[in-house]
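Reading the structure
So you can see what is in the structure, the chains are spelled out below.
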Amino acid sequence: MSQDQTIIEPAQTKRRISFKGFFDPSFDNTQSNISSHVNQDVNHQVISNEGMFPNYDLPEETTDDPLATSPSDNSVVSHPQIQAQTDKLEVDNAAVQENSTVNNFQQLQQENVAEPATIENVKTVVPPDNGKQDGKFIEVSGSNENPNKTDNSSQLDSADIGGLLDKDIFSEGDLAEIVGQGYIPKIVAGIINFALNRKASDIHIEPQSKMLRIRCRIDGVLIDIAKTQLSLHPPIISRIKILSKLKIDETRIPQDGRFGVVFKDKEVDVRVSCLPTVHGEKVVLRILDKSQKILSLEDLGMVGSGFDKTIEAIKKPWGIVLVTGPTGSGKSTTLNAVLSRLNQPGINIVTLEDPVEYESPGINQCQVKPDIGFTFAAGLRSVLRQDPNIIMVGEIRDAETASMTTHAALTGHLVLSTLHTNDTAGSLPRLINMGVEPFLITSAVDLVIAQRLVRVICPKCKEKIKLPPKLVEEIKRELDMIPQNNLSDRARIPREMRFFYGRGCSECTSGFKGRMGIFEVMRMTPKIEDLAVSRRPSNEIFSASKEDGMITLKQDGILKALAGTTTVDEILQATMSN
């Protein structure tokens, strides 16, 4: 033993103060007398500490210590190291002596815990009746006294946010009433419910300099649905971020997320995009109704020669079928319509999508994740080892994906994909510019479909309209250009030219209800193959496809306007670039 160590003689006693009981749930609080838990250890044995405080070894200097002679005495040990803890325990112990059980003490603890701050507790100034009542705004709080707050607080975190609403929201007036109530979770649920009932594809929440504007894209057109004060913007955005698990305190950079909600029997997938602007974060919600059935090619409006060519191409066991058009033209919807037609028990279908918009039973759907290296090209390599019959690639974005897609088609697979070009003829030069050899393109590509979406006239308020004579003459010249060898489409030309429009009613938006596609379908012919291998421009390929009997987007649209399904204005606007 070293000389620096202190030797305690056996005659000297050592006491251990253990604060057991006050923090030990197994201890009965009726016996919570501090001095009754003073343990004496004369054999210098180390006793484990079961409380929250450390053990203190105190040498006994006198024999007349009340704690040493009377363990049941209520006096308190006055030691410098534990005096503060002892004083606090005496005060806290006195506050709970009236409770005879541990449960009562725990209940007392819970009553003293403050309610955590959540988005539901945020006090919000809301404008009932257009924002004023006697010239003042009313302050609405998300407290227990709020009559609009549901008793079932679990609905705030549940996907069934439809339970926050008393009824479905169909009109702007109903939505304005909910916004005026100031209960943020109910406002967000009401906005999504309104968009779902009006079949909107997107919700835009946009802060302006002095107000908050909320818009919905219905049938391809943005429409204002609510305007309210700017103070509602932060809690609404926070609520959306909570649902989509985004960073609430991050407002400097864009964020993307998604969440699922349930309205009665409808499951809805909501994709969230946050973008910082000079007035705050602008949020766009993309609404995807999972309960909506996948439309067929006929439902989308594909008729005539274009429908016949498409059915012929997808019956082949190999080749590439491309769908082209700008963003929002319905390319993914068309591909899903083709897959639903091909989906059979004896066929293995694998898709690579970003994102997976429609879930189809019997089809193996994969969500690509470029941030971890799971790109279209990387996924396509793995899919080829999955013994597929049909492969769907969401989009050909780069040279690697284009090369892999061509390789998959040449090795005996039917490949469906999309490409961003304005018409059918521009797809072949686009693939060549990506680095794919022209002779591989002509061997792999079998069909190219270009499309646009136009609004459908509401059948309830549809009326005839008389067009200017100059416009009628232009329409006649366009119809005369339909190839003579295209008998199926020429048979669609009516003898009497009648045009229609929607007057507008309570069941539609400005005379329109829903959308449909107009199509341009080009199949690969020997002449088009020669032009592609020779790297000829797209206008020559377009002329060769019309000689083969293809009708243009504009011609297909005019035929549908004559059938009374859409208007001439819609066709001219959709095909202006063509």
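Before any of the text, the structure's been laid out above.
In short, a report on the structure. Residue positions are counted from 1 within each chain, in the order its sequence is given. Local features are withheld for residues below a pLDDT of 70 in this predicted model, meaning they are given only at 70 or higher, and side-chain atom pairs are given and counted only at 80 or more; totals for whole chains, interfaces and linings count all residues. Hydrogens and water molecules were not included; the side-chain quantities draw on all heavy atoms of the structure.

Spatial ordering of the open sheet is given by S8-S7-S6-S11-S10-S9, a layout of 6 strands whose pairing is antiparallel. With one partner strand each, in any of the chains shown, strand S8 (221-228) and strand S9 (255-263) form the two edges of the open sheet. On average, adjacent strands in this sheet sit at an angle of 20° to one another, irrespective of strand direction. Alignment of strand S6 (residues 200-207) against strand S7 (residues 212-218), held across 7 bridges, turns out to be antiparallel. Pairing of His 204 across the sheet is with Arg 215, part of S7. One requirement defines pairing of two strands: DSSP has to find at least two bridges between them. The secondary structure listing takes helices from DSSP runs of H or I that are at least 4 residues long and strands from runs of E that are at least 2 residues long, numbered from the N terminus. Convention adopted: a line fitted to C-alpha atoms gives each axis, helices being fitted over their contacting stretch, and angles between N-to-C directions are expressed from 0 to 180 degrees.

Opposite charge on two side chains lets them pair, provided their charged atoms get close. By definition, a salt bridge exists where a carboxyl oxygen of Asp or Glu is found within 4 Å of a side-chain nitrogen of Lys or Arg. According to the stated counting rule, one finds 27 salt bridges in the structure shown. Taking the shortest distance from any N to any O, the salt bridge between Lys 241 and Glu 281 comes out at 2.6 Å. Of the two residues, Lys 241 sits in helix H7 (residues 233-244) while Glu 281 sits in strand S11 (residues 280-289), which places them 40 residues apart along the sequence. Take Lys 241 and Glu 281: they sit in the same class, and that class is buried. The salt bridge partner of Glu 400 is Arg 381, with a shortest N-O separation of 2.3 Å. Accessible area is worked out with a 1.4 Å probe on protein chains only. A residue is then buried under 20% of its type maximum, exposed over 50%, and partly exposed in between.

Here the focus is the side chain of Glu 520. For Glu 520, the position within the fold is in strand S20 (residues 512-523). Just so you know, the count uses Lys and Arg for positive and Asp and Glu for negative, and it drops His and the chain ends. The charged side chain of Glu 520 is buried without a salt bridge, its nearest counter-charge being Arg 452 at 7.7 Å. A polar side-chain atom of Glu 520 sits 3.0 Å from a polar atom in the side chain of Thr 424. Contacts described as polar in this section are N or O atom pairs within 3.5 Å, which, within protein, must combine one atom able to donate a hydrogen with one able to accept it, while residues neighboring in sequence count only if both atoms come from side chains. Polar side-chain contacts of Glu 520 include one of 3.2 Å to the backbone nitrogen of Leu 553.

Moving on, we come to the side chain of Glu 478. Structurally, Glu 478 is set in helix H15 (residues 469-480). Here Glu 478 occupies a buried position and makes no salt bridge, while the nearest side chain of opposite charge, Lys 554, is found at 4.2 Å. By the convention used here, residues are in contact when the closest approach between their heavy atoms is within 4.5 Å. Setting aside residues no more than four positions away along its own chain, Glu 478 makes contact with Thr 552, Lys 554, Gln 555 and Ile 558.

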